[in-house]
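The residues making up each chain are set out below.
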Amino acid sequence: MSTAAEVLVVGGGPAGLATAVTLRNQGIGRVVVIDREPQAGGIPRHSAHTGYGLRDLRRLLDGPGYARTYVRLAERAGVELRTEASATGWAGPTTLRVTSPEGVEEIEAEAIVLATGCRERPRTARLVPGTRPQGVFTTGSLQQFVHLQQLPVGRRALIVGAEHVSFSAVLTLAHAGSRVVAMVTEHPVHQTYAPLRWVTASRHRVPVLTEWRVARILGHPRVEAVDLTHVRTGAVRQVACDTVVFTGDWIPDHELARLGGLVIDPGTRGPWIDAAQRTSARGVFAAGNLLHAAQTADQAAFCGREVAKHVVQYLRSGQWQDSAPIPVTCSPPVAWVSPNALPRGSAGVPHGHFIMRVDRLLEHPVLRVVQGDRVLWSRPYRRLRPALPVYVPQNWLASVHAAGGSVCIEAM
């Protein structure tokens, strides 16, 4: 069975739903959103803390309320929402094979937007040795366990990581009646903003252990303790706990992009995109945390709104990138930058800035944008932390030479 749509959006989280709503509001006809979960809304569905919606929806909501609001907006706009529907492969340049309880079908679209988001790397991907007991989670699985399934967790938890999501895990565990005995990060400082740390870890008296890593998990049949190793001194300590939550360390859900042969950026590990959020495949765009894992929900929604504008332009003009764009690269300790390329003569990028991150703590660095031996932009910073986004303005774009080679963002 095959069907047709003007635009097929893969992923029903904030980025995908915001894309679809904007497309419909711009007059695009049949817009289909597919999502593999039973309900659309993405990660916010099971993120029960508040803090959502202020910047994009102009109201303060908790995660489930935020997700419901975007679903309602999509329904009112006439978006066709298909849940429990997974894109399992490509049947053509802009045709996807979709599997759902109704069977297998092919959806052919004039344009496809990939908004599949990102996920945390679990214990297995981090190669943490030890036994294989019960009580080991990621933040996402913990939130679903607690908020969607209302199941109990342990009484003493250790959180691995000190990113934004790590501190939100404190709230989830507190809601479940579990005390967090410590947060552990290999970096010398935590990687969130002071207000978030204050309302989570400080309020619940959670110690943040910096420069420690998990060496081994112990216990049978449930977690009993974790061995920690200090990254500089090699000192070892053991922390008793019955729950371990691996947080952060995000990777894009890029399997569909890889199946489609899209060029993958080695830094972001998501699809390569230019300033119009076009991928390397004609008619295929990408948005949200598939591109820059992991930004906040409102940033993903803004990214969806932005890509919709470029999709509309493509549908109405039929024009794609004709000449090879100018690569935008980075060098260590800059871990990645997005977007990854500039169409020649580009006057702007999504949101008016580039997003980048560093891979370690930097004290008093200077960020520079260079093309060859020319410095296009530079700025000193007091401190740059890993896992926190850095926004590089676009005001240097007019200085880029079309024949000058790649542009590089570096930290001195």
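Above: the structure in question.
Residues numbered from 1 in each chain as written. Predicted model: local features only at pLDDT ≥ 70, side-chain atom pairs only at ≥ 80, totals over all residues. Heavy atoms only, no water.

Visitor: Explain a positive patch on the surface to me, please; I cannot follow it from the model alone.
Guide: Judged by side-chain charge, R59, R68, R72 and R76 come together as a positively charged surface patch. Classification of R76 by relative accessible area gives exposed; the value is 69%. (Patch = residues over 30% accessible without salt bridge, like charges linked within 9 Å, V, L, I, M, F, W, Y side chains within 5 Å. Areas by Shrake-Rupley, 256 points an atom, 1.4 Å probe, with all protein chains shown as cover. Salt bridge = Lys/Arg side-chain N within 4 Å of Asp/Glu carboxyl O. Lys, Arg positive; Asp, Glu negative; His and termini not counted. Charge placed at Lys NZ, Arg CZ, Asp CG, Glu CD. Buried < 20%, exposed > 50% of the residue type's maximum accessible area, 1.4 Å probe, protein only.)

Visitor: It is not clear to me how the sheet that holds strand 21 (residues 334–338) should be interpreted in this structure. Could you clarify?
Guide: Within a sheet, each strand pairs with its neighbour through backbone hydrogen bonds, oriented either parallel or antiparallel. Taken in spatial order, the three strands of this open sheet run 21-23-28, and their pairing is antiparallel. Looking at the sheet topology across the chains shown, the edges are occupied by strand 21 and strand 28 (390–393). This sheet shows a mean twist of 30° between the axes of neighbouring strands, independent of strand direction. Here strand 21 runs beside strand 23 (residues 353–358); their pairing, made up of four bridges, is antiparallel. Looking at the pairing, W336 lines up with R357 of strand 23. (Pairing = 2+ DSSP bridges. Helix = DSSP H or I, 4+ residues; strand = E, 2+ residues; numbered from the N terminus. Axes fitted to C-alpha atoms, helices over the stretch in contact; angles between N-to-C directions.)

Visitor: So what exactly am I meant to see when it comes to the packing of aromatic side chains here?
Guide: Here the structure, examined in full by the defined rule, presents seven aromatic pairs. Between the aromatic rings of Y52 and Y66, the centroid separation amounts to 5.3 Å while the plane-to-plane angle is 40°, which identifies the pairing as tilted. Of this pair, Y52 sits in strand 3 (residues 50–52) while Y66 sits in helix 2 (residues 63–77), and the two are 14 residues apart along the sequence. Both residues of the pair, Y52 and Y66, count as buried. Three or more aromatic residues joined by ring pairs form one cluster here, namely Y52, Y66 and Y70. Sitting over the ring of W212, R237 keeps its end group 5.5 Å from the ring centre. Directly above the aromatic system of W320 lies the positively charged group of R278, at a separation of 5.7 Å from the ring centroid. (Phe/Tyr/Trp six-rings, centres within 6.5 Å; stacked < 30°, edge-to-face > 60°. Lys NZ or Arg CZ within 6 Å of the ring centre and 35° of its normal.)

Visitor: I keep staring at the sheet that holds strand 22 (residues 341–342) and nothing clicks. Help me out?
Guide: Strand order across the open sheet formed by five strands is 22-20-29-25-26, with mixed pairing between neighbours. Every interior strand has two partners, whereas the edge strands, strand 22 and strand 26 (374–380), have only one. Bridge count between strand 20 (residues 326–330) and strand 22: two bridges; the pairing is antiparallel. Bridged to I326 within strand 22 is L342.

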